[in-house]
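Breakdown of the fold
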Amino acid sequence: MADVVLSINGITKSFAGNKVLDDINLEIQRGSVHALVGENGAGKSTLVKIVGGIYQPDSGTICMNGKTVHFAGPHDAINHGISIVHQELSLVPKMSIAQNVFSHREPVNRLGFIKWAELYRKTRELLKPLGLDIDPGRPVGGLSVGVQQLIEIAKALSTDARVLILDEPTSALSEKEVDMLYKVINDLKSRGVTSIFISHKLPEVFRVSDVISVLRDGRLVGTVRKEATTPEEIIRMMVGRPLGDLYPPKSSRVGERILSVENMTRVPAFRDVSLELFRGEILGFAGLVGSGRTEVARAIFGADRIDSGRIMLGGREVKIGSPRDAIRHGICYLTEDRKDLGLFLTKTVRSNIVASSLSKFVTRNGFLRKHEIEESSRYFVDYFRLKPSDDRALVMNLSGGNQQKALLAKWICAGPKVLIADEPTRGVDVGAKSEIHRHLRQLAESGVGVIVISSELPELLGLSDRIAVFNSGRIAAFIDGKGATQEDVMRYATL
Amino acid sequence: MSVVERTSDAERASDNVRIRSGYSIKSILGARETVLLLVSITFSIILSFLSPRFLSVNNLVSIATGMTYDVIMATGMTLVLIVGGIDLSVGSILGLTGVVTTMMLRSGVSIAVSVTAGLMLGVLLGAINGTMISNFKINPFIVTLGMMAIARGAAVVLTSGYFLSNLPPSYLILGQGKLLGIPFPIYVMLLLVILFEYLLKNWSPLYTIFYIGTNPDAAELSGIKVGRMILACYVISGFLSALAGVFMTSRLAMGYAQFGLGAELRAIAASVIGGASMSGGEGSIGGTFLGVLLLAIINNGFVLLNFSVYWQGVVNGLILVLAVAVDAFRRARRGERRI
Amino acid sequence: MQLYRESGNPMARGVSSFGRLTKINNSGLVVTVVLMVVGMTIAFPYFLTPINIETMAMGFIQEAIMALGMTIVIISGGIDLSVSAVLPFTAIIIGLLFNRQVATPLAIVLSLVLATLIGVVNGVMINRLRAHPFIVTLATLTAVKGVSLVITEGGTISGFPQEFYFIGQGRVLGIPFPVLLFVVLAVLFSHLLRNHKFFQQVYFVGGNQRAARLSGINVEGLRLVIYAINSFLAGLAGIITASQYVSANTGFGLGSELRVITTVIIGGASLSGGKGSIGGTIWGIIFLAIIANAFVLSGAPTYWSDVVYGGMLLIAVLLEEYMRADRKALRRRNWRDFLTSG
């Protein structure tokens, strides 16, 4: 068992002066399933990208089978038998499944022309153990995310990988697909293939892995065998402290009605949705993806048009035709897609914070009052304890948690009466997560109506005063946040 | 201002923050504009030693006059690049509006009406560009490429390829008249540069184009008027091209369909040298002005030193490469990640 | 355990390369071209005569050859403005070589090597500076044009050997040699782009550059080759032009970069990359050649042709946008269908 296939020696990496990995030493046993866990920003993804040849380390070496190797790019790593299944899908939608699986390693004749029949046959062979019986000539584009994820895995396997790295492979999979994945990992293990498994979810880590390594703040905290540890110990290692009370206390006083939606319909996303939001409360939106919860939020924000229905704000009907109207009325929407729809990545923190409230910082003729902009942005940087604390740093150099806090700051700066937060803690580490929860609660306490949309039921139950459960484009039930269980919510969401 | 109560913690932290002035020495020295200015000055000093004629008033005025059309067009181009677009039609719009204005003048229409009509035509063509780009979401490269062909073609059709001379003398004053020994167009150019530089940095509606160019979707969801501002940028670009067309026809005392041929590429080059990025969200009018200035000084040097003027193209290309290289270096230092 | 099953014969799709060759994506363009041919034949009986067809083909031959390379560049998500400078540059270089009594085959090889090198320089700069190809190739366009001007000092180079005339003016089996050359190149690149492993990567790089890099494709190396090929073809067009006119000057190929790009776009390629085909580009070439010919045959002033080109380009992209909006809606629905548990 002391057969080490991959060893990582003293790897250190910085980005723009921020140390992301600090002297990581790790040995991976051949044929084992090695889990890599840690909060977001702990350095897992960076470490994996170094092993995969995408980043070059500042110092330290990687040894495979006892020999030091140097990867100039992903192709070097692939040639050495290291394959990564990336967190984000890396498939080209217009290309066929077979071409995506083999990308540029298609079977070819001597002149380099692709042997299509063989390519399709090989692809079918690779897809079969993954439970996919599907035409390899079909474009990837129309397939569901789960199927695409499995094709991604087939792609990694097609390189005859001896070390397979799975970066949060289950985040988009259904339960059935997850089971299939575990089976595949076990098959690979019996064939001597080593898997490195990165995950947030401890139950699945304990289910599949043999060895668990914990990273925190760019350092390796420890490596333990699964039998010799408990989930509680791993969590302690991850956060460096016992997790106390995770969620802030619930609201005690709920004020007057601030927002009401009456019979809102947008075919086919949702029908006949009515809800009320009271000052000082947090209303949770639960439901499966596609149940209409995000669509309703976008419609309230004016990002999508509604077919019929009314939106009342403080007792008066308002017409909201665009996000601009919504913001003017004090309705703000924190998007679930931070990088593509939320932030201006190549701009400074300051620019981002004032992006949706420029109209507050202008003279009557529209000229900017730069001192006020600077003051406010610094205030929010301090208030949210953003790192780095210089508000002229570029947002793209911030960690996920800090980016999310900057996005929240942007909306609070706009002075919302109603804040709709869609997946406010997605891709955010545990520490920043509870900070964001606290901020949302504080916001509610200060009189803002807060709507939280989340796929994580524990978060929704812990945070919300009431929960609206969406099912197939309708609100199936309102549940009181106190005392509700995950089963209650799931029953309304799925039945 | 904010709905959040300040916590004592945050309050203390914010008191500790020293108020930094907007500009530090380092940021001024590091700015693209400073570098360009220093390079231009260096070239000027060298040139003034090599050729005593360089610093003569006549020569300086002729450099500045030669710059006006490019600066005026590049100002519009910079706005378009910042908002995340590109406008290949500026040279053709210059040609067509110049032709239309001079044709109206020759058929006896008053100067005020002819010039206004020319400028309005520029606005109209810019508006067509902008509408197709912002409403129909068509790639700006293709839209303005099509407009480039159409406007140039229309200009050729209207003139059948002939020069349109015999313009009323009072029209020529626009481009040739002088105030304190300096031609009018130079004043207009400087005024436009200062105006747009100031508005771009300080006037909220124009300032939002930086957001739009960086991430149009996020800008839309932040309540910024994305479509309207994209349209506005192309309209301004069309208007400024037409203005350059009026000055050029007046200065050269004729209209010609091929005026402004290739100007779009020069304008883009000057904007990029001045700090604009093809991916949008970056650029400044001051930088663009200095970009045109640098190219003009170098080209003037070729003339003064009796080098073959044919070397100009080579040097202009190399300067563009250099500007891009400097940019690449800056980005690398800033720590932009590759994947 | 079966997660996903699909009925139908899986091998029916695209197995035979012949089937793939004849599969036409831009049916709208093809129908338009056919209608135009019918209309033109009715209006001008002269239209389908061999002489007119040859005039049409030869009038567009430079653009046609360059469009092959540009198609590959645009599929890869790039753009190359420098071709219109490489064309006259190569013509001028070969003229210079002839003036120094270099043998014809050697002169051709040397000038093509030089042309290819310009493409390599483009590729290296795009890779190294991570700059937008538009800007990089704009810089080479300006610089190479400048070099051409320096060499010729604005004049014309002549004095080409007799045997060089064949390339631009010769005939094989009655067909002009350049047309034959184009057909060979078009078939070659079409086949390569569809079936060759190396050229398949172009679609990956254009479709999702990040993904291409992550799956181990050598994006930088590929880009180098693509721009080199494109420059090589522009050089070839330059040699043909020089042979046709038996001279060389900097006015050759003026503005051809934008005409070539127009052809490729009308042929169905997308400037955002990942989409396009040689077949589509050929239909685009035919389309524009017929329009140009219509002006000649009808005796309408050729000045109008620019206006019509521009108009056609805008109509083509408007139509494409219309169809894409349709597809987008479809895809979004697919994403919504996918359910995960909260």
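Just so you know, these numbers come straight off a predicted model, no measurement behind them.

So, about the overall build of chain B. Across its full length, chain B carries 15 helices and 2 strands. Of all 339 residues assigned to chain B, the portion counted as buried reaches 55%. Contacts in chain B between residues at least 24 apart in sequence constitute 76% of all its contacts with a sequence separation of at least 6. Per element, the accessible surface of chain B, about 14,300 Å² overall, is 67% carbon and sulfur.

To continue, consider the sheet that holds strand β3 (residues 33-37) of chain A. Residue and element names in this part refer to chain A. Pairing within the open sheet is mixed, and its 6 strands lie in the order β6-β8-β9-β3-β10-β11. The two strands at the open ends of the sheet, each matched to only one other strand, are β6 (82-85) and β11 (219-225). On average, each strand axis in the sheet is inclined to that of its neighbour by 20°, with strand direction left out of account. Examined bridge by bridge, β3 and strand β10 (residues 211-216) share 4 bridges and lie parallel to one another. Counted as the bridge partner of A35 is I212 from β10. Sheet strands in contact with helix α1 (residues 44-51) are β3, β6, β8 (163-167), β9 (194-198) and β10, and its direction is about 135° off that of β3. Contacts from helix α5 (residues 145-157) reach β6 and β8, with the element oriented near 175° to β6.

Residues and elements named next belong to chain A. Spatial strand order, β17-β18-β19-β14-β20-β21: 6 strands in an open sheet with mixed pairing. Because the sheet does not close on itself, it has two edges, and the strands there are β17 (331-334) and β21 (474-480). Neighbouring strand axes in the sheet, compared pairwise and without regard to direction, differ in orientation by 20° on average. The pairing of β17 with strand β18 (residues 418-422) spans 4 bridges and is classified as parallel. Along β18, the bridge assignment pairs L334 with A421. Along the sheet face, helix α14 (residues 400-413) touches β17 and β18 and points at about 170° away from the line of β17. Contacts from helix α17 (residues 486-494) reach β14 (282-286), β20 (466-471) and β21 within the one sheet, and its direction differs from that of β20 by about 30°.

This paragraph deals with the packing of aromatic side chains. With the rule as written, the count across this model stands at 22 aromatic pairs over all chains. Both rings, one in F344 of chain A and one in Y211 of chain B, keep their centres 4.8 Å apart while their planes meet at 70°; by these two values the pair is edge-to-face. Here Y211 of chain B lies in helix α10 (residues 204-214) and F344 of chain A lies in the loop between α11 (338-342) and α12 (349-353), a pairing that spans two chains. One exposure class covers both F344 of chain A and Y211 of chain B, and it is buried. Aromatic side chains F198 of chain C and F199 of chain C sit 5.4 Å apart centroid to centroid with 80° between the ring planes, which places their arrangement in the edge-to-face category. In this structure F199 of chain C comes out as buried when scored by relative accessible area, which is 9%. Among the aromatic residues, those joined into a cluster by ring pairs are F344 of chain A together with Y207, F210 and Y211 of chain B.

Take the confidence of the model for chain B next. Residues and elements named next belong to chain B. Per-residue pLDDT for chain B has a mean of 83; in total, 88% of the residues score no lower than 70. For chain B, the element scoring lowest by mean pLDDT is helix α1 (residues 8-16), at 37; helix α12 (residues 226-252) scores highest, at 94. Here residues 1-23 is modelled with pLDDT under 50, and outside its nearest four sequence neighbours on either side it reaches 38 contacts, counting other chains as well.

Time to look at the packing of helix α5 (residues 83-99) of chain C against helix α7 (residues 133-152) of chain C. Residue and element names in this part refer to chain C. With their axes 9 Å apart at the nearest point, α5 and α7 run at an angle of 30° to one another. Comparing the axis directions of α5 and α7 gives the class roughly parallel. Remark: the crossing between α5 and α7 carries left-handed chirality. Only L141, V144, K145, V147, S148, I151 and T152 of α7 make contact with α5, whose side of the interface consists of S84, A85, V86, F89, I92, I93 and L96. The class makeup of the residues in the contact of α5 with α7 is 10 nonpolar, 3 polar and 1 charged.

Right, let's talk about the pairing of β6 of chain A for a bit. All names here are of chain A. Taking every second residue as pointing to the same face, both faces of β6 are buried, with I82 and I84 on one and S83 and V85 on the other. Strand direction decides the pairing type here: β6 and β8, joined by 4 bridges, are parallel. Within β8, the position partnered with I84 by the bridge is I165.

With the exception of glycine, most residues fall at negative phi, and the peptide bonds are largely trans. Between V267 of chain A and P268 of chain A the backbone carries a cis peptide bond, its omega angle lying at 0°. As for its placement among the helices and strands, P268 of chain A is situated in the loop between β12 (257-266) and β13 (270-278). With phi around 60°, N166 of chain B is a residue other than glycine that occupies positive phi space. Here N166 of chain B is to be found in the loop between α7 (140-159) and α8 (169-176). One non-glycine residue, Q101 of chain C, lies in the positive phi region at around 65°.

Following the sequence through the fold, D135 of chain A ends up in the loop between β7 (132-133) and α5. At a separation of 2.7 Å, a polar atom in the side chain of D135 of chain A contacts the main-chain amide nitrogen of G137 of chain A.

Turning to the environment of S389 of chain A, a few remarks are in order. Inspection of the secondary structure assignment puts S389 of chain A in the loop between α13 (370-383) and α14. Spatially, the C-alpha atom of S389 of chain A lies 43 Å from that of N471 of chain A, the residues being 82 residues apart in sequence.

Criteria and thresholds
- Residues numbered from 1 in each chain as written.
- Chains lettered and ligands numbered in written order.
- Predicted model: local features only at pLDDT ≥ 70, side-chain atom pairs only at ≥ 80, totals over all residues.
- Heavy atoms only, no water.
- Helix = DSSP H or I, 4+ residues; strand = E, 2+ residues; numbered from the N terminus.
- Buried < 20%, exposed > 50% of the residue type's maximum accessible area, 1.4 Å probe, protein only.
- Contact = heavy atoms within 4.5 Å.
- Areas by Shrake-Rupley, 256 points an atom, 1.4 Å probe, with all protein chains shown as cover.
- Pairing = 2+ DSSP bridges.
- Axes fitted to C-alpha atoms, helices over the stretch in contact; angles between N-to-C directions.
- Phe/Tyr/Trp six-rings, centres within 6.5 Å; stacked < 30°, edge-to-face > 60°.
- pLDDT = per-residue confidence, 0-100.
- Parallel < 35°, antiparallel > 145°, perpendicular 65-115°, else oblique.
- Left-handed = near helix turned anticlockwise from the far one by under 90°.
- Nonpolar A, V, L, I, M, F, W, Y, C, P; charged D, E, K, R; others polar.
- Polar contact = N/O pair within 3.5 Å; in protein donor to acceptor, adjacent residues only side chain to side chain.

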